[in-house]
Amino acid sequence: MTNNLLKGKRGIIFGALDENSIAWKVALRAKEEGAKFVLSNSPIALRKKDIFELAKITESQVIAADITEISELEDLFEESMALLGGKIDFVLHSVGMSPNVRKGIHYTELDYDYMQKTLDVSAISLHKVLAVAKKLDAISEWGSVVTLSYIAAQRVFSSYSDMAQAKAMLESIVRQFGYHYGVAKKVRINSVSQSPTRTTAGTGVSGFNAFFNYADAMSPLGNADSKSCADMCMFLFSDLSRMMTMQNLYNDGGFSSMGISNKLIEQYINCGCGE
Ligand code: NAI
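Source: prediction; values computed, not measured. (Residues numbered from 1 in each chain as written. Predicted model: local features only at pLDDT ≥ 70, side-chain atom pairs only at ≥ 80, totals over all residues. Heavy atoms only, no water.)

1. What to know about the site of the ligand
Piece 1. Neighbouring the ligand are 29 residues; S21, N41, K167, T197 and T199 lie closest to it.
Piece 2. In this structure, an oxygen atom belonging to the ligand sits 3.0 Å away from a main-chain N or O atom of A201.
Piece 3. Out of a free accessible area of 820 Å², the ligand has 93% covered by protein chains.
Piece 4. Those elements that place two or more of their residues in the shell around the ligand are β5 (139–149), α7 (163–185) and α8 (200–203).
Piece 5. The leading source of residues in the shell around the ligand is α8, at 3 residues.
Piece 6. Residues of the shell around the ligand, tallied by class, amount to 14 nonpolar, 13 polar and 2 charged. (Near = heavy atom within 4 Å. Polar contact = N/O pair within 3.5 Å; in protein donor to acceptor, adjacent residues only side chain to side chain. Areas by Shrake-Rupley, 256 points an atom, 1.4 Å probe, with all protein chains shown as cover. Helix = DSSP H or I, 4+ residues; strand = E, 2+ residues; numbered from the N terminus. Nonpolar A, V, L, I, M, F, W, Y, C, P; charged D, E, K, R; others polar.)

Structure (structure tokens):
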């Protein structure tokens, strides 16, 4: 299905690690919609090599960059503009990582050096991407930047650990940089708050299957998959959403508006718990 929504647009897509990655699905859809783009990931992630397969399918180039390193981001934007032949129209920031989550450290006993890393990679990196782009004037007017968030920014999900703080900060950067970049260059910045999705980052959170199944049973439409997230990104990158900025938009099958669903009521009525 193509509507040529991104025909003639140039992009940078951060975060495609393997075919399960949300960024992978976004890249495939962006290609279908007529965009040309550069794929970027950290040098360590490129060792996995899957991204080169995606590059082949989407006829795109891969440029390594640690998203926390300003000089690497500067090179990435300069090289991308040279390769694609002009300013960038859309950026996908689909990056997240917590060493505390990876190592299973309890939230009340966080390692603070790891926490700094979590915030730097998962939230401050969006600020760095935007700051570099603004300094280089690398994003065209009405350009669109999208990042991926999770509802743990607003509510407690007990094992999401310091990623919850990272997502809260990420959404705050969306709003605040969205103001400044909007005034200066009419660049739009939004976040998509996505359902639990089976990816490397997602399944790294302890109890992921419970997150996934609970959200699925709670949401009237069920969990939103990564393909639907990619569709939403097409809309956000396109001119159809040109007056939308500084928003956190839920792609979650209705989960964020729910208290309890009949499916969960039925499950708990007969469970014998607390009786
Ligand atoms: P993923 O593991 O496929 O993607 C995470 C990406 O971040 C990887 O490509 C990884 O290489 C990249 N990355 C980590 N450190 C980096 C660095 N220093 N420099 C550059 N890239 C770096 O997993 P997924 O799920 O596609 O994650 C994408 C985004 O979606 C993340 O922000 C995640 O928090 C968010 N999200 C995921 C959900 C899920 O259940 N999978 C739910 C809601 C949001």
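Still more ground to cover, so stick around.
2. Some remarks on the packing of helix α6 (residues 112–135) against α7
Piece 1. As a packed pair, α6 and α7 sit with axes 9 Å apart at the nearest point and diverge in direction by 10 degrees. Classed by the angle they form, the pair α6 and α7 counts as roughly parallel. Here α6 contributes M115, T118, L119, S122, A123, I124, L126, H127, L130, A131, A133 and K134 to the contact with α7, which in turn contributes M163, Q165, A166, M169, L170, I173, V174, F177, H180, Y181 and A184.
Piece 2. Along the lines of polarity and charge, the residues of the contact of α6 with α7 split into 17 nonpolar, 5 polar and 1 charged. (Axes fitted to C-alpha atoms, helices over the stretch in contact; angles between N-to-C directions. Parallel < 35°, antiparallel > 145°, perpendicular 65-115°, else oblique. Contact = heavy atoms within 4.5 Å.)

3. Some points on helix α3 (residues 50–58)
Piece 1. The complete set of buried residues in α3 reads I51, L54, A55 and T58. Seen end-on, α3 carries its buried residues on one side only, within an arc spanning 105 degrees.
Piece 2. Check the buried side of α3 and you find it contacts α1 (22–32), β2 (36–41), α2 (43–46) and β3 (61–64).
Piece 3. Backbone geometry just after α3 places E59 at a positive phi near 50 degrees. (Buried < 20%, exposed > 50% of the residue type's maximum accessible area, 1.4 Å probe, protein only. Arc of directions from axis to C-beta.)

4. Focus on the pattern of salt bridges
Piece 1. Here the structure, examined in full by the defined rule, presents 11 salt bridges.
Piece 2. For K9, the salt bridge goes to D239, with nearest N and O atoms at 2.9 Å. Taken as a pair, K9 in the segment before β1 (10–14) and D239 in the loop between α10 (226–237) and β7 (248–251) lie far apart in primary sequence, 230 residues in all.
Piece 3. D231 is the partner of R29 in a salt bridge, and the nearest nitrogen-oxygen pair spans 2.7 Å. One end of the pair, R29, is in helix α1; the other, D231, is in helix α10, and 202 residues separate them in sequence.
Piece 4. Among the charged side chains, a salt-bridge network with shared partners connects R29, E32, E33 and D231. (Salt bridge = Lys/Arg side-chain N within 4 Å of Asp/Glu carboxyl O.)

5. Concerning the packing of aromatic side chains
Piece 1. One pass over the structure, following the stated rule, counts 9 aromatic pairs.
Piece 2. Lying across the ring of F212, R198 places its NZ or CZ 4.2 Å from the centre. (Phe/Tyr/Trp six-rings, centres within 6.5 Å; stacked < 30°, edge-to-face > 60°. Lys NZ or Arg CZ within 6 Å of the ring centre and 35° of its normal.)

6. Describing the nonpolar core
Piece 1. Core analysis: the biggest nonpolar cluster contains 32 residues, and F14, L76, F77, V91, L130, V145 and Y181 have the highest contact counts within it.
Piece 2. Where this core is concerned, the elements lending two or more residues are β1, α4 (70–84), β4 (88–93), α6, β5 and α7.
Piece 3. Once you skip the residues sitting within four places of it in the chain, V145 turns out to touch V91, L126, L130, I139, V187, R188, I189 and N190.
Piece 4. Counting residues in each nonpolar core, the second largest holds 30 residues, with W24, V26, A35 and F37 among its members. (Core = buried A, V, L, I, M, F, W, Y, C linked by side-chain atoms within 4.5 Å.)

7. Considerations on the environment of I44
Piece 1. Residue position: I44 is located in helix α2.
Piece 2. Each C-alpha atom of the pair I44 and A65 lies 9.6 Å from the other, and the pair is 21 residues apart in sequence.

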